[in-house]
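Descriptive analysis of the structure
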Amino acid sequence: MNKLGSIFLDDFIKEEKPILFQLTGRGLLLVFGGILTLGVTTLLLFFDYPDWLVFVVSASLLSPTMIIGLSIDKRFSFSERFYFFLLTKRRIYQIENRDRKEYHSSDFIQAKNVRETDQI
């Protein structure tokens with residue numbers, strides 16, 4: 001994915017603010033997802049489910065929690081790539097226009113009879 005144009009830094013307003021116990025929304029999701037995964041895994045092991053099923057359920061609960069909670073999606077810009085593929089791409093290119101006046105380096109040299117101290 002090649003980008004055209006400039007990349008600008010995000011506004012500081014978009015930074016995540018703490019919600020509860022100095023944790024942001026992502027931090028709370030990480031804690032809640034970890035507790036939920038641990039609880040579900042313990043219950044599945046307590047009721048003697050097969051180990052492969054416990055592993056699949058635990059991995060399916062823990063992987064999105066870790067990806068979103070640790071901001072891995074921002075590091076690999078998953079959301080930006082997803083948005084880029086859904087975006088209707090319209091590109092405008094500048095073409096050469098002959099109606100413009102072309103300037104040369106000699107156009108900016110001051111004439112010999114004009115002085116900076118002259119009256120305007």
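Residues numbered from 1 in each chain as written. Predicted model: local features only at pLDDT ≥ 70, side-chain atom pairs only at ≥ 80, totals over all residues. Heavy atoms only, no water.

The chain goes by PrgI family protein in an unreviewed UniProt entry, where it is assigned to Streptococcus cuniculi.

1. Here we look at the UniProt feature "transmembrane region" (unreviewed entry) in the chain
Look at the UniProt record and you will see "transmembrane region" (unreviewed entry) annotated at residues 27–46 and 52–72. Between the first and last C-alpha atoms of residues 27–46 the distance is 28 Å; the span itself is 100% helix and 0% strand. End-to-end, the C-alpha atoms of residues 52–72 are 26 Å apart, and along that stretch the chain is 90% helix and 0% strand. (UniProt positions renumbered as here; feature names shortened; annotations may be inferred. Helix = DSSP H or I, 4+ residues; strand = E, 2+ residues; numbered from the N terminus.)

2. Describing the confidence of the model for the chain
On average, the chain scores 78 in pLDDT, and the residues at 70 or more come to 72%. Confidence scores differ between elements of the chain, with helix α3 (residues 72–75) showing the lowest mean pLDDT of 70 and helix α1 (residues 25–46) the highest of 91. (pLDDT = per-residue confidence, 0-100.)

3. Regarding the packing of α1 against helix α2 (residues 51–69)
Between two packed helices, the angle of one axis relative to the other and the distance separating the axes together describe the packing. The contact between α1 and α2 brings their axes to 8 Å, and the two run at 175°. Classed by the angle they form, the pair α1 and α2 counts as roughly antiparallel. Mapping the contact onto sequence places R26, L29, L30, G33, G34, L36, T37, V40, T41, L44 and L45 in α1 and D51, V54, V57, S58, L61, L62, T65, M66, I68 and G69 in α2. Its residues placed into classes, the contact of α1 with α2 shows twelve nonpolar, seven polar and two charged. (Axes fitted to C-alpha atoms, helices over the stretch in contact; angles between N-to-C directions. Parallel < 35°, antiparallel > 145°, perpendicular 65-115°, else oblique. Contact = heavy atoms within 4.5 Å. Nonpolar A, V, L, I, M, F, W, Y, C, P; charged D, E, K, R; others polar.)

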